[in-house]
Amino acid sequence: MATAPGAGTTAHGFGRLLVAVYGILAFAAIGRSAYQVATKLDEAPLAYLLSLLAAGVYAVATIALARGGRGRWRAVAWCAVAVEATGVIVVGTLSVVVPGLFDEATVWSAFGQGYGYVPLVLPFVGLWWLWHTRPGQHARVTSPDESTEAR
Amino acid sequence: MVLPLFVLAVALCAALAGWAAWFAARDRAVILRQLFAAGAVEAVLVVQAVVAGVLQAGGHEVDGPLFWGYLLTAALLLPIAAAWAFAERTRWSSVVLCVASLTVAFLQWRLWIVWGGS
């Protein structure tokens, strides 16, 4: 799937950057939370397991967006990105309003502060990109002369 | 004696990121010469791994999984960006190379802290 950039696919043009940033965040979050769960789960089980869950969702979103957002993968991408947006808002708000709820920082604490607020910005960029490349639209991203090839 | 290796890697990454950003601004895709520069960064990372391994064997206390995890991640980023540079012949390959370079530079800073900065 290295060809046919343009409408209906999430993996090309700007999407390449989105997948790259998602991949880096997913890898960083998985590495960090897996390390925390493996070495010091008893210190803050809720925070570390929540981080691991968030990391898993980032991984799913990365794969779904990299698959080009065709058919079922587009639905998976929508769900994963929506869960991230909800998670960072809900957990971010909770961590500020009820500071004692989590014993340690999670990926989403303080709206993703520990990850340079990337977790706050990324899902909304992802939502915009999924909407921008939705099937049936001529999303002029890299090559305006390409026709729609998604379902 | 390890500090110059980190400084060198960060300097190379910053230069590569700037080069890629300039290409992205000029609407150009990544060129082979930039991939050679990425190869130079990788070479520094390999030297870091060797030096770190020798010093660790010599008794330097470091959080092993954390340090090697960061170093391995740093080493993987530029090859992936390079592979995409072949698949994506638009300015976005330059943007991805820029982001990857900046991430490696950030990881170098983290590595320096994890190493204990001596």
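Notes on the structure in this doc start here. Everything numeric in this text was worked out from a predicted model, so none of it was measured.

**So, the overall build of chain B**
Phase 1: Per the secondary structure count, chain B includes 4 helices and 0 strands.
Phase 2: For chain B, the succession of helices and strands along the chain, N to C, is α-α-α-α.
Phase 3: Rg of the C-alpha trace for chain B: 15 Å, near the compact-globule value of 13 Å for 118 residues, within the 12% margin.
Phase 4: Sorting the 118 residues of chain B into buried and exposed places 37% on the buried side.
Phase 5: Of the contacts formed within chain B by residues at least 6 apart in sequence, a portion of 81% connects residues at least 24 apart.

**Observations regarding the interface of chain B and chain A**
How big an interface is tends to be expressed through the accessible area that disappears when the partners come together.
Phase 1: In this complex, chain B contributes 15 residues to the contact, which on the side of chain A involves 13 residues.
Phase 2: Those elements giving two or more residues to the side of chain B that touches chain A turn out to be helix H3 (64-87) and helix H4 (91-115) of chain B.
Phase 3: Among the residues forming the side of chain B that touches chain A, the class breakdown is 9 nonpolar, 5 polar and 1 charged.

**Details of helix H4 (residues 118-132) of chain A**
All names here are of chain A.
Phase 1: With 15 residues, H4 extends 20 Å from end C-alpha to end C-alpha; this agrees with the ideal 21 Å at 1.5 Å per step.
Phase 2: Within the sequence span of H4, burial applies to Pro119, Leu122, Pro123, Gly126, Trp129 and Leu130. Within H4, the buried residues cover an arc of 125° as seen down the axis, which keeps them to one side. Turned more than 90 degrees away from the buried face of H4 sit Trp128 and Trp131, all of them exposed.

**A short note on the environment of B:Ala49**
Phase 1: Inspection of the secondary structure assignment puts B:Ala49 in helix H2 (residues 32-57).
Phase 2: Sequence separation of B:Ala49 and B:Phe67 is 18 residues, and the distance between their C-alpha atoms is 9.9 Å.

Scoring rules and cut-offs
- Throughout this description, residue numbers start from 1 for each chain and increase along the sequence as written.
- For naming, the first written chain is A and the first written ligand is 1, with later ones following in the order written.
- For a predicted model such as this one, the threshold for reporting local features is a pLDDT of at least 70, and the threshold for listing and counting side-chain atom pairs is 80 or more; totals across whole chains, interfaces and linings nevertheless cover every residue.
- For helices the rule is a DSSP run of H or I covering at least 4 residues; for strands it is a run of E covering at least 2, with both sets numbered from the N terminus onward.
- Here the radius of gyration uses the C-alpha set of atoms, whereas the globule reference equals 2.2 Å times the residue count to the power 0.38.
- With C-beta atoms placed from the backbone, a residue counts as buried when 20 or more other C-beta atoms lie within 10 Å of its own, as exposed when 12 or fewer do, and as partly exposed for counts between those limits.
- Contacts here follow a simple rule: the backbone-placed C-beta atoms of the two residues must lie within 7 Å.
- Each residue gets one label: Ala, Val, Leu, Ile, Met, Phe, Trp, Tyr, Cys and Pro are nonpolar, Asp, Glu, Lys and Arg are charged, and the others, such as Gly, are polar.
- Every helix has an expected span of 1.5 Å times one less than the residues it contains.
- In this context, the arc is that of the directions from the helix axis out to the C-beta atoms.

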